[in-house]
Amino acid sequence: MNKSASDTIAAIGTKPGEAAIGIIRLSGNKSVKLTEKIFRQKNRKKISQMKTFSMTYGYIVDKKEEMIDEVIITLMKKPKSYTKEDVVEINCHGGMAAADKILELCIKNGARIAEPGEFTKRAFLNGRIDLSQAEAVIDLIRSKTEQSLKVAANNIKGIVKDRIEELRKRILDVLVELEASIDFIEEDLEVTPYEVLEKNVIEIQKSIDELINDEKRGEIIKNGIKVAIVGKPNVGKSSLLNVLARKERAIVTHIPGTTRDAVEEILYIEGIPLIIADTAGIRKSKNIIEKIGVKKSFEYISKSELVILVMDGNTQIDDNDCEIVEELQGKNIIICLNKIDLKQITSKKEINKKFKLNDIIEISAKKNIGIDKLEKKIKTLVLGEEEFNIESKIIVNNRQKNILLDASGMLKHAIKAMKLKMSEEFPSSDLKLAYNLLGEITGQTTTNEILDGIFGKFCVGK
Amino acid sequence: MNFEDVTKIKYDVIVVGAGHAGCEAALACARLGFKTLILTINLDKVALMPCNPAIGGVGKTNLVLELDAMGGQMAKTADKTLIQLRVLNRSKGPAVQALRAQIDKKEYEIEMKKVMENTSNLTLRQGIVNKIIFEKGIIAGVSLESGIIFNGKAVIITTGTFLRGRIIIGNKDYEAGRMGEYPAMNLTYNLKELGFIMDRFQTATPPRVDKKTIDFLKMFIQPGENIPMSFSFWNSKKVYDNIPSYLTYTNEKTHNIIRENIDKSPIRSGMVKTHGPRHCPSIDRKVINFEHKKRHPVFVEPEGKYTNEMYLQGLTTSMPTDIQQLLVNSVAGLEDAKIIRPGYAVEYDFLLPNQLNHTLESKLLENLYFAGQINGTSGYEEAAAQGFVAGVNAALKLAGQHPLILKRSNSYIGVLIDDLITKELYEPYRMYTSRSEYRLLLRPDNADNRLTKIGFDIGLIKNSDYEKVIKKQQKIESLIEMLGEYTINPDEHNNEFLKAIGTSTIDTSTSIYKLLKRPEVKIDNIFKYFFENKGADNIKTYNDNYDKDILEQTEINIKYKGYIEREMLGIKRMGKIEGHKIRKNIDYFKIKGLTFEAQEKLSKYLPETLGQASRIAGVSPADISILMIFLK
């Protein structure tokens, strides 16, 4: 038996783009166990106990048991499957976001990303199809790639390639200088000073980080971020949500503790989808139901990327406010000082002084005052100060982002070596890794670019 | 023994050519107990250095030391005949440091010939080989132009630039292997008849001038090191003769002479059409390609102790001799210099090395090996390394043993051979450290640790030498372990010392090992302070056991560890497919999914493993996946 067939491979089986469903396919002897780790269903039946060629409904969760997507699982036990191995197909919602995340989970749990044509390869290896069939499948795969390459000229993919090529070129320029001063030390070469090269590497690393950041911001624009509205009871959380949503949704009463569950809304603020929730008011209570609500609020807070903390300007800051702020340590927070239409007992200054928090907006949810300011604040906190126009940005995909993250780490390592004035071969080692890594995005293979660069640039030779 | 008897001897291995590749090949075979014959066109030119009088340099040093670690000859003979030894890249890390030895050329030839003459199983003979002889399709020996036939089971071709050699000076050209030597015309036709594909390269050498006619006061002196050193791992270190070289520069006058006479330069007149090495351009080309450069360096190097000939490194040209004289005289210090030998270019046939296996045996014919400049390389060191590998493999095959296949991950020699076999060759190949993806690991300083075992297993390293390496390694490892366990306290005294040696202070108890990871902390300082001054008894007793070499190696090991691990991590991705064998006789044009370019390139290079296939330019990762499917 072939040794490479022992590991479990995974890939997204549906083509990228808008579609009703996405399919992640797993093949290998760990595919069932692996799916069990990330799949939850009501009756807690194990996938391994399912019949072959049967389906089951449930949802995929991440490490924190947070739901990623509702899915349908199809099981095809070996040997009666495409690859003659245990195959699991996860049908999730369409669009690449869900499928990408589920694939990532599979990889984190021990699967390996399948190479192009690898399922077919296994089918062939395990004797299910013969060579001509395998070749036919590969023909198909290749023709698709060629088509998509043609299309790529005008689409984002092509731009990504150009951008990565440009980054590689900039790394190569530094490598040429570093390598020239190593291999041609006996020559009288005028190589660029080390400090200048260090600056160049810092610039390249910044450019890579920008791409990563754009990916993150692009992700936000595509999939939204979770926002929690929190505060002690009856400070106006639900009113704020309503005014943001411009419709009555949550139950708004003046009786403290009326919002029991976190109510999720998706609303667009300045073009950003916010998955926003009005949580139960947080205070010390002996009421069991209210306690559950408070617990849920904290859970929700921990999952949120942005927290809007509402305080009542008409009352004094009390222990409950302080405790909430305490709980929010390390979070991205905007404080809404509500009810400014009423008599001000607590001021912006006071809050600022007490909690050392700067993003404080004075509003009246009831009278719709200061809401515009709040919306602008949300936008700058989420996307940054500068205008973010997704059409003008290069948005890399998940795989590319991961490569960029690795490359950025390598460049940081190179910069560290350069700062320490270590000799050229040290930063060069990391720069070469980053150079080759970026080549994985563009599919470029390395040959003799560095030496060609040296001979092109310097007068070498005795 | 009369003449006829000699030709009746059945040799195991016949080496054709006694240059740097041939000498190493023949010595390896003979030392392994195989009856070996080495043939040369001229027995007075054994191990000749036709170009620069030096061995070593960045990247090349690794080759020489790797050869040395496995039982090669070059470094030992260099030590015996060098007249100056220098360390290059001293300010950089040990991975890219290198030795450069100025050699007394004549002495080197004499020494190498002496070694060969005194090696049992080895016979030297003069003669021009014109044909490889077969018996029932199997290699049976070689025949000479004179008609004599020598019988041999394996043949190693190391003919350098001699195959259809053509010398060019100005508008004159004539057939010659090197200046003043016969070419080998018929052997190249024979190889083509046998089905080998040959191509043509060009290389050139500068004029030599008479030392008495040079004004050294106008030049910068370039002395060697005055500290005990040696090239070979097996020789004890000593301070060598230190005959200096000199540095001067070309100037606008030189460049104008070239510009005015450029139509007479063979590169312009069309006398030379083939590719030459980019690392060794003629001064003509340098002036044309780098117009803005005001001066080019010229190193004036002695050719030996007993001669007045001086080599003008940097003034390579094959202009007509009268122009060469003008050129030389335009350079500071060379105003009155007299040319003794003019520079010239030589064009020669070489074998496209993709026709070889990693053992340097040809894919086409069993027991026929090629090594050295005939494989499209340049440099004595590159040649010697290949000669050794070809010789060892010829012997191992005759003995029915596993071949010696060096890997990219264990040696520069492995890189050299893999590059030759899998990469397109556009110019004579020279080694650089940047060619190795394992540069931090494959250092000159640890070549013994990397390769002596291989040399020992083959049978070319003495037991006592091998034990020396093992002992050294054990000492290094135990010292590293100890330094990891020995911690120092963050007291005022220690911190003051750390400040004094330019590193940051510590606030928790820290091991010496950890301190040594800092680039600015040197083992010499720290050893002295913590072990000698502090009287750490248990360590002090050891201290006497650790010579400079051990301390150096320990420090390098500790400092490099993190970086080497990073280097390995990046290479790991490759590892999976690297060793995956590709079976022979594949018709790549019948594999449907491959691109046409990949089909062509794979058919041309016939890679032995998927790793090699993946390094061929034009073969994409997608092609590799398809190949994988096909292979299963």
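None of these values were measured; they are calculated from a predicted model.

Caption draft 1: Inspection of the overall build of chain B at higher detail. Across its full length, chain B carries 22 helices and 22 strands. For chain B, the C-alpha radius of gyration of 26 Å lies close to 26 Å, the compact-globule estimate for 632 residues. Taken along its principal axes, the extent of the C-alpha atoms in chain B is 80 × 70 × 60 Å. Within chain B, the fraction of its 632 residues that count as buried is 62%. In chain B, 72% of the contacts between residues at least 6 apart in sequence involve partners at least 24 apart.

Caption draft 2: Fine view of the nonpolar core. Judged by nonpolar contacts, the single largest core of 111 residues is most densely connected at B:Ile55 and B:Phe231. Top contributing element to this core by residue count: helix 11 (residues 380-398) of chain B, with 11 residues. Judged by nonpolar contacts, the second largest core, of 40 residues, contains A:Val160, A:Leu211, A:Val396 and A:Ile415.

Caption draft 3: Summary view of the packing of helix 2 (residues 20-31) of chain B against helix 5 (residues 105-117) of chain B. Residue and element names in this part refer to chain B. Between helix 2 and helix 5, the least distance of the axes is 10 Å, while the angle of their chain directions is 25°. On the basis of their axis angle, the class for helix 2 and helix 5 is roughly parallel. Note that helix 2 runs across helix 5; the crossing there is left-handed. The residues of helix 5 that touch helix 2, namely those facing His20, Cys23, Leu27 and Arg31, are Tyr108, Met112, Val115 and Met116. Looking at side-chain class alone, the contact of helix 2 with helix 5 contains six nonpolar, one polar and one charged residues.

Caption draft 4: Inspection of unusual backbone geometry at higher detail. Here the residue pair A:Lys78 and A:Pro79 is connected by a cis peptide bond, since its omega of 0° sits within 30 degrees of zero. The residue A:Pro79 is located in the loop between strand 5 (67-76) and strand 6 (87-93) in this model. You will see that B:Arg164, though not glycine, has its phi angle at about 50°, which is positive. The residue B:Arg164 is located in the loop between strand 9 (149-157) and strand 10 (166-169) in this model.

Caption draft 5: Spotlight on the sheet that holds strand 1 (residues 9-12) of chain A. Residue and element names in this part refer to chain A. Spatially, seven strands are ordered 3-4-5-6-2-1-7 in an open sheet, and the strand pairing comes out mixed. Edge positions in the sheet fall to strand 3 (39-40) and strand 7 (112-113), since each of these pairs with one other strand and no more. Two elements, strand 2 (residues 21-27) and strand 6, share seven bridges in a ladder whose sense is antiparallel. Each residue of the ladder has a partner; that of Ser27, found in strand 6, is Val87.

Caption draft 6: How the structure looks around the pattern of salt bridges. All names here are of chain A. The tally for this structure, following the rule as stated, stands at 59 salt bridges over all chains. Here Glu203 makes a salt bridge to Lys206, at a shortest N to O gap of 3.7 Å. Of this pair, Glu203 and Lys206 both sit in helix 6 (residues 194-223), three residues apart, roughly one helical turn. Since its relative accessible area comes to 41%, Glu203 is described here as partly exposed. Here Lys206 falls in the partly exposed class, since its relative accessible area comes to 47%.

Caption draft 7: Highlighting the confidence of the model for chain B. Residues at a pLDDT of 70 or more form 94% of chain B, whose mean pLDDT is 90. Across the assembled chains, the prediction reports ipTM 0.85 with pTM 0.76.

Caption draft 8: Fine view of the side chain of B:Thr188. Relative to the helices and strands, B:Thr188 resides in helix 6 (residues 186-193). Setting aside its immediate chain neighbours within four residues, B:Thr188 contacts B:Leu163, B:Arg164, B:Met198 and B:Asp349.

Caption draft 9: Seen up close, helix 15 (residues 492-500) of chain B. Residues and elements named next belong to chain B. When helix 15 is considered as a whole, its buried residues turn out to be Asn494, Asn495, Phe497 and Leu498. For helix 15, the buried positions fall inside an angular range of 155° around the axis, keeping them on one side. Every exposed residue of helix 15 that faces more than 90 degrees away from the buried side is listed here: Glu492, His493, Glu496, Lys499 and Ala500.

Caption draft 10: Main features of the pairing of strand 9 of chain B. All names here are of chain B. Strand direction decides the pairing type here: strand 1 (residues 10-16) and strand 9, joined by six bridges, are parallel. Bridge pairing in strand 9 links Tyr11 to Gly152. The sheet contact formed by strand 8 (residues 138-144) and strand 9 spans three bridges and is antiparallel. Paired with Ser143 across the strands is Ile149, a residue of strand 9. Between strand 8 and the antiparallel strand that follows it, strand 9, lie four residues; Gly147 among them carries a positive phi value of about 100°. Judged from the three bridges that link them, strand 9 and strand 20 (residues 368-370) form a sheet pairing that is parallel.

Caption draft 11: Examining helix 9 (residues 319-327) of chain A more closely. Residues and elements named next belong to chain A. Listed as buried for helix 9 are Asp321, Ile324 and Val325. Mapping the buried residues of helix 9 onto a view down its axis gives an arc of 100°, with all of them on the same face. For helix 9, the exposed residues set more than 90 degrees away from the buried face come down to Asp319 and Glu326. Elements that come into contact with the buried residues of helix 9 comprise strand 8 (225-230), strand 11 (306-312) and helix 10 (348-355). Sitting at the head of helix 9, Asp318 places a side-chain oxygen 3.0 Å from the backbone nitrogen of Asn320.

About the thresholds
- Residues numbered from 1 in each chain as written.
- Chains lettered and ligands numbered in written order.
- Predicted model: local features only at pLDDT ≥ 70, side-chain atom pairs only at ≥ 80, totals over all residues.
- Heavy atoms only, no water.
- Helix = DSSP H or I, 4+ residues; strand = E, 2+ residues; numbered from the N terminus.
- Rg over C-alpha atoms; globule rule 2.2 N^0.38 Å.
- Buried < 20%, exposed > 50% of the residue type's maximum accessible area, 1.4 Å probe, protein only.
- Contact = heavy atoms within 4.5 Å.
- Core = buried A, V, L, I, M, F, W, Y, C linked by side-chain atoms within 4.5 Å.
- Axes fitted to C-alpha atoms, helices over the stretch in contact; angles between N-to-C directions.
- Parallel < 35°, antiparallel > 145°, perpendicular 65-115°, else oblique.
- Left-handed = near helix turned anticlockwise from the far one by under 90°.
- Nonpolar A, V, L, I, M, F, W, Y, C, P; charged D, E, K, R; others polar.
- Pairing = 2+ DSSP bridges.
- Salt bridge = Lys/Arg side-chain N within 4 Å of Asp/Glu carboxyl O.
- pLDDT = per-residue confidence, 0-100.
- Arc of directions from axis to C-beta.
- Polar contact = N/O pair within 3.5 Å; in protein donor to acceptor, adjacent residues only side chain to side chain.

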